[in-house]
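Now for the letters of each chain:
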Amino acid sequence: MATAAAASASEAEAESKAGPQAEGEEDEAKAARTRRKVLSRAVAAATYKTMGPGWDQQEEGVSESDGDEEYAMASSAESSPGEYEWEYDEEEEKNQLEIERLEEQLSINVYDYNCHVDLIRLLRLEGELAKVRTARQKMSEIFPLTEELWLEWLQDEVSMALDGLDRERVYDLFERAVQDYICPNIWLEYGQYSVGGIGQKGGLEKVRSVFERALSSVGLHMTKGLAIWEAYREFESAIVEAARPIAGFLSPFDREQTFDSQLEKVHSLFRRQLAIPLYDMEATFAEYEEWSEDPIPESVIQSYNKALQQLEKYKPYEEALLQAEAPRLAEYQAYIDFEMKVGDPARIQLIFERALVENCLVPDLWTRYSQYLDRQLKVKDLVLSVHSRAVRNCPWTVALWSRYLLAMERHGVDHRVISVTFEKALSAGFIQATDYVEIWQAYLDYLRRRVDFKQDSSKELEELRAAFARALEYLKQEVDERFNESGDPSCLIMQNWARIEARLCNNMQKARELWDSIMTKGNAKYANMWLEYYNLERAHGDTQHCRKALHRAVQCTSDYPEHVCEVLLTMERTEGTLEDWDVAVQKTETRLARVNEQRLKAAEKEAALVQQEEEKAEQRKRARAEKKSLRKKKKTRGADKHEVDEDDEKEWGDDEEEQPSKRRRVENSVPPAAGKVGLDLEEDTGPVDVEPPSKQKARAAAPKRDMPKVLHDSSKDGVTVFVSNLPYSLGAPEAALRPLFEACGDVVEIRPIFSNRGDFRGYCYVEFKEEAAALRALELDRKSVEGRPMFVSPCVDKSKHPDFKVFRYSTALEKHKLFVSGLPFSCTKEELEEICKAHGTVKDIRLVTNRAGKPKGLAYVEYENESQASQAVMKMDGMTIKENVIKVAISNPPQRRVPEKPETRKAPGGPLVPRQIYGARGKGRTQLSLLPRALQLPSAAGTQAENGPAPPPAGVTPAAEAPKMSNADFAKLLLRK
């Protein structure tokens, strides 16, 4: 303390000297900051000197010359700061600005984990020791700290501990550190630090207490527990060696009380360690044989051999953990299952703790651990500690908070503590509106169990009623406004309140008021709600109110009115008068007649809508037929005029010339080169871009190019990728795409697909030499090519793999990912990231675009964990960006409609054939068979290969096909009949 005071005095003196020498206020401020930084280092050096001879100054890197150099630097900073000092000032100024920014950010969002870490790092770098301690304290109150953060904090506090009072504060800090996670390194540091206080009162007992607790916590750790055992044993052995020189001068009684008892402690540690399966236990056994003067007892050898056998059973699980990469959740789950079968509570607890070190943000793991402790161990301190740590690590999981409240009630925790815990749960930031209903129900159930309903009125009953009223108000004001939906649409909380008032408090008047409120919230149309109210009146009310409730139900129910009418008639049949029966029959008949009339109108309306849809579908078919005929006319315009003259001279019965070829689907709607038409009149019915008349004329006048047919070898699907959505204006697709894909590996061939006129169709095949290169090429999906996102997908035959999906994004609930809508189209990915990173670590941002690459105003933002995502929802939902109000929610896309698989159906006059025999859209009116039935041959149904033509049926050769016939042939057949 004297050294620190001297340092402060010298700092004040240095500042008084530097004042008149400074040329301006800015230079003086910079020099003062430099002196403060350097002197803080000098104070730290002086602190090391006061620790006594037990601390090796050379190992810590501190010497007297270091202190002199620090003070020399301080004095030089007063007079003439050089180039190094000015560079240091600029860096420090930058750090101070960053510190202010981080502090402001934390004032907005105190749950920003990374912001806490960065602030502590900068404050520690600047030597702001008091601020570092405050920042660490605040962070530890909100988050559990990792092993690295605790070790860094403990190292700083140990270096500043000057006296016994400081040592006690360090002990308290160690106690907090070992409670967050199971950390063998922290326990080892704790034990070694306690050895330094052995000279104080009770120091020896303190050291042994720390090591014994460390062994009970991590002594069973198969890979890291050995260090704790050895440190404890070395400590006890050192005491034995220190007592050995004086043992010969002691009386037999004193020797037995001191030296022999200490020797027995070392023997006991060896025996306890050898009975536990640990790595390198063979070396420990050899060390025990060498150290012990007496032969090792047979019981110890048997325990050692048994531990070796257990080690062989555990080794596969330990080796799986060593080979896997963090967080190794699957490996830990398998290890936990194994330990649960063995049933050793200490080992089960240890493996859970080890798994949670790397998977602390997995709520299911915390749930399983706390459930085991609740049902098996039932130790109050241990159970409550685990529940508390669970909600600190995963505060957004309502199930953990509910289980925590139940555990606190189960172990008799004070009511005020439970109420404070519930308030913390409300401020945890749950992801869904229903989560708040669940936590309120858990708390209200707890309050209900506290009430003694034998008394007419009590403090607990009034507290329960006030809590019910507050819950309804909270859900209305806080939850409904935040989520834009009711978290309790069925009014479950209000129903529970009404049941309690009716059954436990005998207050039917209050129960009826609550049910009236329930019905006014949109529940009057549901039959089950009325029947629930009727049953409550039946059990605790009177017949008059039951009849009144059923009469209202008959008039209001819209989902199952028949059921309500039946209940009313049944009640009047058993209890009512003739007048009551007549009224009930009249009301039910009138109501059911009105319901049937409404249902008939709804059915007619639905039939009309179906008819409209059919008419629209028919109009679309006619429009497609007109487009087809228009394309056919365009194809015939380029025919030779001489051939047209010859056709005019031919009679109807003469052979006609072959018509222009029609398109067939090749390479997944790839048009082949011109070919002769056969009996298959299937055409490409894909979408057609309607061009202006001028462009249509130009395209019709353009000469056809004889493009080669592009075939695909399905055996090379593993080394091939399918590239689509490319710009049609891409002049030389192969030259433009080759540099992109050569970065993934050796490219064998790029096969672009062209139309009959030589126009690029916007997709191609890229074949690689190796399969690994094709896998790397899939990462180019959505890469922009001339302002258009390029789609890269595996080359898969969908006829063999009909369930294959190219969509690579998850369609399930992802609690760490946000869905943002309403964004301005001009918003860039960088701008959105700048907004989102203020609420947590952003791992990825995806702006949703259409096929042309234009933004749709939607985005997906992926955070590091669920906690950050939930905080971002609360802060960003309803935010205004460039005059657009955005909506932010947890990503939970609706289920995609799965297309129906093509069913086999009956072909006219033939066996069951698949739908593909008529093409993708079925057999249309324009796809008629022009061959007489007498000449039709049974044809097997062939499957159309992915990205290629339909292969011929097995066992059928081209020679077996029906001969092609002209119109003259058809005429002769008809005249013959």
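The structure this text deals with has already been given above.
Residues numbered from 1 in each chain as written. Predicted model: local features only at pLDDT ≥ 70, side-chain atom pairs only at ≥ 80, totals over all residues. Heavy atoms only, no water.

## So, the overall build of the protein chain
Then comes step 1: Tallying secondary structure elements over the protein chain gives 36 helices and 13 strands in all.
Then comes step 2: Within the span of the protein chain, comprising 977 residues, buried residues form 38% of the whole.
Then comes step 3: Taking the contacts inside the protein chain whose residues are at least 6 apart along the sequence as the reference set, 64% of them involve residues at least 24 apart.
Then comes step 4: Carbon together with sulfur atoms contributes 51% to the accessible area of the protein chain, which is approximately 56200 Å² in total. (Helix = DSSP H or I, 4+ residues; strand = E, 2+ residues; numbered from the N terminus. Buried < 20%, exposed > 50% of the residue type's maximum accessible area, 1.4 Å probe, protein only. Contact = heavy atoms within 4.5 Å. Areas by Shrake-Rupley, 256 points an atom, 1.4 Å probe, with all protein chains shown as cover.)

## Some details on the nonpolar core
Within soluble globular proteins, side chains that are nonpolar generally end up buried alongside one another.
Then comes step 1: Core analysis: the biggest nonpolar cluster contains 122 residues, and Ile 439, Trp 440, Leu 818, Val 861 and Tyr 863 have the highest contact counts within it.
Then comes step 2: Among the elements that take part in this core, helix H22 (residues 433-450) stands out by supplying 10 residues, more than any other.
Then comes step 3: With residues near it in sequence (within four places) discarded, Tyr 863 still touches His 816, Leu 818, Cys 836, His 839, Gly 840, Thr 841, Val 842, Lys 843, Gln 868, Ala 869, Ala 872 and Met 876.
Then comes step 4: The next biggest cluster of nonpolar side chains, apart from the first, holds 50 residues, and it includes Ile 99, Trp 153, Leu 154 and Trp 229. (Core = buried A, V, L, I, M, F, W, Y, C linked by side-chain atoms within 4.5 Å.)

## Re the pairing of strand E3 (residues 760-768)
Taken residue by residue, a regular strand's side chains alternate between the two faces of the sheet.
Then comes step 1: With eight of nine residues buried, E3 is to be regarded as a mostly interior element.
Then comes step 2: Across six bridges, the pairing between strand E2 (residues 747-754) and E3 is antiparallel. Paired with Phe 754 across the two strands is Phe 760, which belongs to E3.
Then comes step 3: Following E2, the chain reverses through five residues before pairing antiparallel with E3; Gly 758 in that reversal takes a positive phi of roughly 85°. (Pairing = 2+ DSSP bridges.)

## Here's the deal with the sheet that holds strand E1 (residues 720-724)
By way of backbone hydrogen bonds, the strands of a sheet pair with one another, either parallel or antiparallel.
Then comes step 1: With respect to topology, five strands assemble into an open sheet ordered E2-E3-E1-E5-E4, the strand pairing being antiparallel. Each edge of the open sheet carries a strand with a single partner, namely E2 and strand E4 (783-785). Averaged over neighbouring strand pairs, the angle between their axes works out to 30° when direction is ignored. (Axes fitted to C-alpha atoms, helices over the stretch in contact; angles between N-to-C directions.)

## Considering the packing of aromatic side chains
Then comes step 1: In total, this model carries 32 aromatic pairs according to the counting rule given.
Then comes step 2: Taking 6.4 Å as the distance between ring centres and 25° as the angle between the ring planes, the aromatic pair formed by Phe 211 and Phe 235 counts as stacked. Of this pair, Phe 211 sits in helix H11 (residues 203-218) while Phe 235 sits in helix H12 (residues 225-247); the two residues are 24 residues apart in sequence, bridging distant segments of the chain.
Then comes step 3: Assessed through its relative accessible area of 2%, Phe 211 is described here as buried.
Then comes step 4: On the basis of relative accessible area, Phe 235 is assigned to the buried category, the value being 9%.
Then comes step 5: Ring centres 6.2 Å apart and planes at 55° place the aromatic pair Tyr 436 and Phe 483 in the tilted group. Of this pair, Tyr 436 sits in helix H22 while Phe 483 sits in helix H23 (residues 459-483), placing them 47 residues apart in sequence.
Then comes step 6: Residue classification places Tyr 436 among the buried positions, given a relative accessible area of 3%.
Then comes step 7: Look at Phe 483 and you get buried, because its relative accessible area is 17%.
Then comes step 8: One aromatic cluster is present, built from ring pairs that chain together Phe 422, Phe 430, Tyr 436, Trp 440, Tyr 443, Tyr 446, Tyr 474 and Phe 483.
Then comes step 9: One residue, Lys 206, lies across the ring of Tyr 171, its end atom 4.6 Å from the ring centre.
Then comes step 10: Against the face of Tyr 314 rests Arg 347, its NZ or CZ located 4.3 Å from the ring centre. (Phe/Tyr/Trp six-rings, centres within 6.5 Å; stacked < 30°, edge-to-face > 60°. Lys NZ or Arg CZ within 6 Å of the ring centre and 35° of its normal.)

## Observations concerning the side chain of Gln 262
Then comes step 1: Relative to the helices and strands, Gln 262 is located in helix H13 (residues 252-274).
Then comes step 2: Taking relative accessible area as the criterion, Gln 262 reaches 7% and is therefore assigned buried.
Then comes step 3: Beyond its immediate sequence surroundings of up to four residues, Gln 262 is in contact with Arg 208, Glu 236, Ile 239 and Val 240.

## Some remarks on the packing of helix H9 (residues 164-180) against helix H10 (residues 184-195)
Then comes step 1: In the contact formed by H9 and H10, the axes pass within 10 Å of each other and the chain directions differ by 160°. When the axis of H9 is compared with that of H10, the two are roughly antiparallel. Between H9 and H10 lies a crossing whose hand is left-handed. Judged by residue contacts, Arg 167, Val 170, Tyr 171, Phe 174, Glu 175, Ala 177 and Val 178 of H9 engage Ile 186, Trp 187, Glu 189, Tyr 190, Tyr 193 and Ser 194 from H10.
Then comes step 2: Broken down by class, the residue content of the contact of H9 with H10 amounts to nine nonpolar, one polar and three charged. (Parallel < 35°, antiparallel > 145°, perpendicular 65-115°, else oblique. Left-handed = near helix turned anticlockwise from the far one by under 90°. Nonpolar A, V, L, I, M, F, W, Y, C, P; charged D, E, K, R; others polar.)

## Thoughts on unusual backbone geometry
Then comes step 1: Of the consecutive residues Ala 326 and Pro 327, the connecting peptide bond is found in the cis state with omega at 10°.
Then comes step 2: Among the structural elements, Pro 327 can be located in the loop between helix H15 (298-323) and helix H16 (329-342).
Then comes step 3: Despite not being glycine, Cys 491 shows a phi value in the positive range, around 55°.
Then comes step 4: Along the chain, Cys 491 falls in the loop between H23 and helix H24 (492-504).
Then comes step 5: According to the relative accessible area criterion, Cys 491 is buried, its value standing at 6%.

## Concerning the packing of H22 against H23
Relative orientation and spacing of two packed helices are given, respectively, by the angle between their axes and the distance between those axes.
Then comes step 1: The N-to-C vectors of H22 and H23 enclose an angle of 175°; their axes lie 10 Å apart at closest approach. Accordingly, the angle class assigned to the pair H22 and H23 is roughly antiparallel. Packed against H22, whose contacting residues are Ala 433, Tyr 436, Val 437, Trp 440, Tyr 443, Leu 444, Leu 447, Arg 448 and Arg 450, the element H23 presents Glu 460, Glu 463, Leu 464, Ala 467, Phe 468, Arg 470, Ala 471, Tyr 474, Leu 475, Val 479, Arg 482 and Phe 483 at the interface.
Then comes step 2: Among the residues forming the contact of H22 with H23, the class breakdown is 15 nonpolar, no polar and six charged.

## Here's the deal with the pattern of salt bridges
Then comes step 1: Scanning the model with the defined rule gives 44 salt bridges in all.
Then comes step 2: In this structure, the salt-bridge partner of Arg 465 is Glu 501, at a minimum N-O distance of 2.9 Å. Of this pair, Arg 465 sits in helix H23 while Glu 501 sits in helix H24; the two residues are 36 residues apart in sequence, bridging distant segments of the chain.
Then comes step 3: Owing to a relative accessible area of 24%, Arg 465 belongs among the partly exposed residues under this scheme.
Then comes step 4: Residues participating in the shared-partner salt-bridge network are Arg 124, Arg 136, Glu 152 and Asp 156. (Salt bridge = Lys/Arg side-chain N within 4 Å of Asp/Glu carboxyl O.)

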